[in-house]
Each structure stands twice: as structure tokens, then as C-alpha cells.
Number of protein chains: 2
Amino acid sequence: MSDMEQTIRELCQKASMASRALANASGEKRNELISEIANGLEAASGKLAAANQKDLQAAEQNGLSAAMIDRLALNEQRITKMIQGARDVVDLTDPVGEVTREWELYNGIEMKKVRVPIGVIGIIYESRPNVTVDAGVLCLKTGNVPVLRGGKEAFESNCALIEVMQQAAVKVGLPAEVISFIPTTDREAIPAMCRMDQYIDLMIPRGGHGLIQTVVEHARMPVIKHFHGVCHVYVHADADLEMARNVVVNSKCQRPGVCNALETLLVDQKIAHQFLPEMIAALKERGVEVRGDAAASEAAGETLPEPEGWDVEYLDLILGLRVVEGMADAIKHMEQYGSHHTETIITKNKEIADEFLARVDSAAVFWNASTRFSDGGQFGFGAEIGISTDKIHARGPMGLEELTIYKYVGRGNGQTRI
Amino acid sequence: MSDMEQTIRELCQKASMASRALANASGEKRNELISEIANGLEAASGKLAAANQKDLQAAEQNGLSAAMIDRLALNEQRITKMIQGARDVVDLTDPVGEVTREWELYNGIEMKKVRVPIGVIGIIYESRPNVTVDAGVLCLKTGNVPVLRGGKEAFESNCALIEVMQQAAVKVGLPAEVISFIPTTDREAIPAMCRMDQYIDLMIPRGGHGLIQTVVEHARMPVIKHFHGVCHVYVHADADLEMARNVVVNSKCQRPGVCNALETLLVDQKIAHQFLPEMIAALKERGVEVRGDAAASEAAGETLPEPEGWDVEYLDLILGLRVVEGMADAIKHMEQYGSHHTETIITKNKEIADEFLARVDSAAVFWNASTRFSDGGQFGFGAEIGISTDKIHARGPMGLEELTIYKYVGRGNGQTRI
């Protein structure tokens, strides 16, 4: 075992021990911790800015793109937002301890199914340092110990944030290890974390293809991936075409760089000639490049550039366009190329809509609404750790409840099994 | 890619395609399939017995133990039980389509959270051939396509059972591939299955250490382990000692070979001298060998053999015994050596019991009741695919609901995000 792996093992072991202390702490104590973190961040804003400055300088020296550098920056506004985010979490209902089912066995044993923390959650993410606080606080709220591994670009910022959070833990009488951070930028730290199934109960990787593949390949513990969204809007033959245009523009343009943004527009061949010219004009007006195959070009009345592939997540002002024969063809396309994240149908026909909503196997399916609503905040969850692209435990937007599991508690008076 | 891996890939790909057909089939159709399987098994009982005979002969030639051979045998009684089991599943409430939450977003979008099948479930199990039908039918009931991999000892029996099940599928108008069986006894088939994350949504390994480790190491898809149970009873100082003896004897002896059977008895030092002699006599009477350390021997008033280790799952009439200083010490022991499966406290003190039930981090925790109640049948789930020892998605007894996931369905009238 390398020195680095030994360091990670010791850190995870301490996290596991601390997780029992945190699970046994009251909801009030966990809220006290989060408030103290918010206060600590406020007090340390100068220190945070200085640490962030080091990351920004390194980023410039390493020639990172302006967009990447922007994502890294912890300016005053973002720090304020992060602090406010933490304070908002204090006010959310605590799911831990909730009794979700209560019943009596045939022999009089009184059973309860009770929400409990999962334990230790490993979170691996990329450049934005605010995730360190946002995700960390959601884990703490639900009694879980986060073991965080941030991107190397934000290393100094993350270390400064973690220091504040650990100091807050000690201040409220909890072990510092209720929050941990992998203290190395070595890429081998990820496979090493993945071998710590004895201590880490769940791994949540949030990021691009390379990160997700590394975790999937090496992880011995359960993983809930927060992976890509190749989301579709299908404009059915009976669609309200103005509504379709609005929903398509919103799904694509309202925030193109996120996983619930639209990537591929599927248009029914019956209305393609009528619908597309105005649709494409509206998209172009907002700077969107529309890419399509020969049939799409023919219906659009102009030669469109070829798409890179129907399974590409552009995360940019680029939209794939395909003309389909009908709903079955649209669903076939989604099954073949999509990522089962979020899909919308636009139609006035309720029967067709119901069939679409039943048959499409995605985390979120909408009738006459933007794909951008597939979001924990929009769903009213209060907070979101991310959007799961898996089909186990949590699917789609993942809030506080999804950060818990349950146990069965039975109270008897000496019952034995016959 | 080897020929075997190619075969497995094609089989999983077909399973994945069939899973959409099955998910779109109605609950009535899935019940029709299960009834047809029951009828088919009835009609094929001669063929099944002949196939099983081949397995039994091979087992004898290979010198398998009498216990192993007994587990392999598909006698008339067991076939009848298997058929009745399938018919019972028809009558269970179908969880698929159940709306578990319904709410309206701030903008009028009507949301529903709906239970849906997971998709394709890989199940890897060991010698008992009845699992092929029992687990297969539970998957089909919940709209999931099972890809089964049974033990090599039961290969001929399993092939015969699968043939009946596939014929039933075709008879009711579904693809034969709604049930699959890995058609090789090659050990390399398990790692190969584990690489099929493109097609298999969930893997459930049920078995011993070697099998579980192989799956955990290789699986790229989510895994819900059905692993071992190192279960404890803690007899507190304020226990009703007669109740304690009854519960201990029941937990250990009612069926010693299963995961919810007792493996380690923890006795509070305050009552150890008073409690143990009679307790040990009662266990000996039922053929149980009690093993303990020096402190246990001292309290028992006799020299006990040493335990193999406190983390051993004996699955036999052997019980580990330890004297502990109190509840904190008992919980510490469970955390260090247990498997977080099922633990019981025996006490008359409600406050102590509540603390134990809250603090012990196991799938099922009982107060004054046998560990043997940690079971889907006993919990009233109607059927059980097994007992999960994981903390994600399903924990403890896993019934039909735990074989589903959900999707979010939103109905709007053109809403876009601001």
C-alpha cells in the first residue's frame, strides 16, 4: 500500500468513526454545526479570498480557459451566496428519524421503518469550490460524513473552506473528522478512495466522462452517478407550435451548460416543414447552432451542419435536430442515444401524452413543459445534491431524503419464531 | 473479447431490449405470465426431475456433502412448493405504477412520483435451483427482466426450469428473453456479467464471501449484496432472564443455517454469573456448542472452547459468547465485528431499549424479540428476494417495492423556466 493510500485509509477510517458520533447527534446539533459553518465562512472571507487567489493565479499560469477560471472564482457575491445557502439548509425539515411506515406484525411486534443517515459519503467533483460547502452541508444536515475530493484547480480554496468547516465542528463539540477532504491532488487518490468500501458507504461522482469511468471501474462500494444529460424534446404532430417553440428555446437556451438542458430536438415529420423554419430562426436569434441530418435539412429548407453524434452532450448553444416518423420512432431514438435523464413531449393530445409519459424510461418526463424543470429546487426539494443518472436508490433530482436510508425497528415482549 | 463474453453480451443486450416490452406490459399480462409459468412447471415435472437427476448424479460423483446434495434436490414436494410460491406472487399487490407522491409546482405543473421497474436485474446465486423460479418470478412481477446465473451444481436443473419459463413467456405473447440464464458454468462468466453495465441495471449477488468479493471487485453497475449476517443478542442487566433464554435459543436454533440466525451472545457482566449457567445448559440441550473467551468461561463456571473469531458467521449450532461491561461496550463490539444485519436487546428498561434501537446501525434492530423476525415474510411483505446487507436503495428484507425505482412525471401547459 502506498503512503498516499495509507493516508487515505486513515482518513476514511476516522470519517467512519466520526459518522457514528454524527448519526447520534440531534438534529439541533447538526443545525448548530451548519450555522457555525456559515458564521465561520463569514469571518474567514479574507482568508478564503487569499486562498482562492492562489488557485486563480495557478489557473492563469496553466492557461485555463476564461470559462474555467470564472467557475473557479470565489468572489464576494459567491461567498455570500454559499453562506446564505448553508443558512437555508438549517431551515429545511430534517428527514433523519422520520417514521415512514408503522405496522404491527401478526404476533404483536410493533414495527417502524425509520429514516437514518447512510454513513460516510464520498463526493468527487470538479472545479467549482462552492460544491465543497454546498454538498458538505447537505451531508451534515442528514447526519452523513462527507469525504470530499475536489478538483486540483480549486485545491487551495477547498483546503481553506474545509478548515473553516472542521473548526466549526470542533466549536460545537463534534469531532473535526465529521468533514474530511482528500489532501492531495494526485490522480491516484480516486482509485484509492474507491477501494475504501470498508469505510465509505456511498460514492457520488459528479463530473465528466473520465471521472465517472474511473469511479465506475474502481469502486467497490455503491455509486450514484451524477453524469450527463442528453435530453430530448419531441414535438408531436398535434403540438401547439408556438408553445413548442417557446419550450424548445427555453429548454436549450435558459442555461445551456447544465445537464437538464435540451440537446436533441425530435420533430414529427407531419409538421416538420411547417414548424422548422420559424423554430430555427428563433434558435438562431439566440445564437444557437442547429445541426441535423439530410432529412432535417430538407424539412428546414436549408443545409444544416452534421451533428457530431446523437449521443453527444453539447452543454453549449448547439442543438441536434432530427425528423422522426412518429412517437414510436422518437422513443426509439431516445432509447438508442439518450441518457434517460429528462424528456418532454409537446402535444395537445392527452392520450398520446399519457402514452409517452408511461413509455419513456427517464428520470423525469414532461408533457408541455421545459426540460429545465428537472431540478430539485424547481421540484420544491429545498436543496439538491445533484441529479442522479442511476436507477438505484435515487433517480433524478436528489434532495435530503435521498441522502438517507432506513432501518427497521421492532418492539416486542419476548416473541420467538415458530 | 472472448467468445463467452460475446455470448453474454448478446444475451444481455436482448434482455435489455425485452425489458422495455416487459415494462410496457400491463400488470395483468405479467400475472398471466407468472400463472403460465406455474402451469408450465406443473406440466414439466417429469422433465424437471430428469434434469435434476443429472445434477444429483454429478454431485455424488464429485463427492459433494450430503447437505449440499439435499439443497440441490428438486423432489416433488419442492416442485409443488415452487409452483405454489409462484401462484402466491400473482395475488400480491403490484407496486408498478403506484403513485407515491403527487404535488403541484409553483407554476402549475402537476407532478407525480411513480414506481417503475428497475430494468434488467442480474442475479447470481449458488446451489438451490428453486431460486431460479422464486427470484425470477419476483423480477417478472415487478416488470424487471432477470438475467440469472445459478451455481454449476444445479446447471441442468436450472436450464430445464428456464426453458419452461421462457416457453411460458412466448405463450403469453412476450419475448422469450424476458427471462435469461447465463448458459455456461465457466467461472469467468461472473466477471463478464459484471462488465455489462450498459445492459444490466442492478446486480444482486446472493452467496458466500468469494462470490460477493468477485462481484464487488468487477461490477461496474450498482450492486445490492445479500451477504452475511453476524447477528447479536445483547442481554442487558435489567433483562427478564427467562425471556432472554427463550429469545436466545430461538434466535440460534430455530434455523441455524440462515443469515438472521444469532451468532454472538453478549451478556452484561452484572448478570452474567446468574444468567449463564442455565442459558448454556439450555443451549447444550439443543446441541449448541458455546464458545467464549476467558471472561465468559469464568462467568459460565466452565471452560469454553475459544471462538474462531468474533466476526465469523457459523451458520451452524455454534454460538460465540462474550461478557460485556454494559450497553456501550455491547454496541462497540457490534460495530467492530458485526455485519449490521440484525441485533436484539433484551431488557425491561424502556429508556435503555430506546437508546439501543436508536444507536445500533443495523438493518433491523429489535427489543425483546428473536433475530429470526428480520425476514420479508415475517414483516408481511408477501415475498422476499433476499435480505440486503447494503445501505443503498434497499436495506434488510427486500420485497416487491424494493425491486422498483421511480420516475418523475410532470404535466404542464407550456411552462418555461425563468
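Anyway, here's the lowdown on the structure attached to this text. What you see is a predicted model; the values in this text were computed from it and never measured. (Residues numbered from 1 in each chain as written. Chains lettered and ligands numbered in written order. Predicted model: local features only at pLDDT ≥ 70, side-chain atom pairs only at ≥ 80, totals over all residues. Heavy atoms only, no water.)

Here we take up the overall build of chain A. For chain A, the helix and strand inventory stands at 15 helices and 15 strands. Over its C-alpha atoms chain A spans a radius of gyration of 24 Å, differing by no more than 12% from the 22 Å that the globule rule assigns to 418 residues. Seen through its principal axes, chain A has C-alpha atoms that stretch 70 × 70 × 40 Å. The buried share among the 418 residues of chain A stands at 60%. Counting contacts in chain A only where the partners sit at least 6 residues apart, residues at least 24 apart contribute 71% of the total. Surface accessibility of chain A: about 16300 Å² in total, with carbon and sulfur atoms responsible for 46%. (Helix = DSSP H or I, 4+ residues; strand = E, 2+ residues; numbered from the N terminus. Rg over C-alpha atoms; globule rule 2.2 N^0.38 Å. Buried < 20%, exposed > 50% of the residue type's maximum accessible area, 1.4 Å probe, protein only. Contact = heavy atoms within 4.5 Å. Areas by Shrake-Rupley, 256 points an atom, 1.4 Å probe, with all protein chains shown as cover.)

Residue and element names in this part refer to chain B. The backbone phi angle of Leu315 is positive, close to 55°, even though this residue is not glycine. Structurally, the position occupied by Leu315 is in the loop between helix H12 (294–300) and strand E10 (318–324). What makes Leu315 partly exposed here is its relative accessible area of 37%. Backbone geometry at His393 places phi at a positive 70°, although glycine is not the residue there. Tracing the backbone shows His393 in the loop between strand E13 (386–388) and strand E14 (396–398).

Bringing the sheet that holds strand E8 (residues 262–268) of chain A into the picture now. Strand order in the open sheet formed by nine strands is E9(A)-E10(A)-E8(A)-E7(A)-E11(A)-E12(A)-E15(B)-E2(B)-E1(B), and the pairing between neighbours is mixed. Two strands close off the open sheet at either side, each with one partner strand: strand E9 (289–292) of chain A together with strand E1 (99–104) of chain B. Neighbour to neighbour, the strand axes of the sheet diverge by 20° on average, direction disregarded. Both strand E11 (residues 342–346) of chain A and strand E12 (residues 364–369) of chain A contribute to a ladder of four bridges, which runs parallel. If you follow Thr342(A) over to E12(A), its bridge partner there is Ala364(A). (Pairing = 2+ DSSP bridges. Axes fitted to C-alpha atoms, helices over the stretch in contact; angles between N-to-C directions.)

On to the nonpolar core. Ranked by size, the top nonpolar core spans 182 residues in total, and within it Val178(A) and Val178(B) carry the most contacts. Those residues in contact with Val178(A) that lie beyond four places of it in its chain are Ala18(A), Leu22(A), Leu33(A), Leu140(A), Val145(A), Pro146(A) and Ala169(A). (Core = buried A, V, L, I, M, F, W, Y, C linked by side-chain atoms within 4.5 Å.)

Before going further, it helps to examine the pattern of salt bridges. Counted under the stated rule, the structure contains 57 salt bridges over all chains. Each of Arg20(A), Glu335(B), Asp361(B), Lys391(B) and Arg395(B) takes part in a single network of salt bridges with overlapping partners. (Salt bridge = Lys/Arg side-chain N within 4 Å of Asp/Glu carboxyl O.)

Take the sheet that holds strand E4 (residues 145–149) of chain B next. All names here are of chain B. If you walk across this open sheet you meet the four strands as E5-E4-E3-E6, and the pairing is parallel. Here the strands that pair on one side only, and so sit at the sheet edges, are strand E5 (180–181) and strand E6 (202–205). With respect to the sheet, helix H1 (residues 3–24) is in contact with strand E3 (120–124), E4 and E5, its orientation differing from that of E4 by roughly 150°.

Counted by the stated rule, this structure contains 16 aromatic pairs over all chains. With a centroid separation of 6.1 Å and an interplanar angle of 90°, the aromatic rings of Trp103(A) and Tyr408(A) are classed as edge-to-face. Of this pair, Trp103(A) sits in strand E1 (residues 99–104) while Tyr408(A) sits in strand E15 (residues 404–415), and the two are 305 residues apart along the sequence. Residue classification places Trp103(A) among the buried residues on the basis of a relative accessible area of 15%. Among the residues examined, Tyr408(A) registers a relative accessible area of 1% and is labelled buried. Ring geometry for Phe155(B) and Phe181(B): centres 6.0 Å apart, planes at 40°, overall tilted. With Phe155(B) in helix H7 (residues 155–171) and Phe181(B) in strand E5, the pair connects residues that are 26 residues apart, well separated along the chain. (Phe/Tyr/Trp six-rings, centres within 6.5 Å; stacked < 30°, edge-to-face > 60°.)

For the pair chain A and chain B, the relating rotation is 180°, the translation along its axis is 0.0 Å, and the fit reaches an RMSD of 0.0 Å. Put plainly, the chains are arranged around a two-fold axis. Minimal C-alpha separation from the rotation axis in chain A is found for His393(A), amounting to 1.9 Å. Here 100% of the interface residues in chain A have copies in chain B that are interface residues too; the copies meet face to matching face. (Least-squares fit on C-alpha atoms with pLDDT ≥ 70 in both.)

Here we come to the environment of Met68(A). All names here are of chain A. In this structure, Met68 sits in helix H4 (residues 66–72). Along the backbone, Met68 and Glu153 are 85 residues apart, and their C-alpha atoms lie at a distance of 9.2 Å. If near-sequence neighbours (up to four positions away) are discounted, Met68 is found in contact with Ser127 and Glu153.

Take the interface of chain A and chain B next. Contacts between the two partners involve 74 residues from chain A, matched on the other side by 74 residues from chain B. Here chain A meets chain B over a buried area of about 6200 Å², counting both sides, of which 50% is carbon and sulfur. Looking at the side of chain A facing chain B, the largest losses of area belong to Ile392(A), Tyr408(A) and Arg417(A), adding up to 14% of the total buried there. Where chain A meets chain B, there are ten salt bridges. For Asp375(B), the salt bridge identified is with Arg417(A), shortest N-O distance 3.8 Å. (Buried area = accessible area lost by both parts, 1.4 Å probe.)

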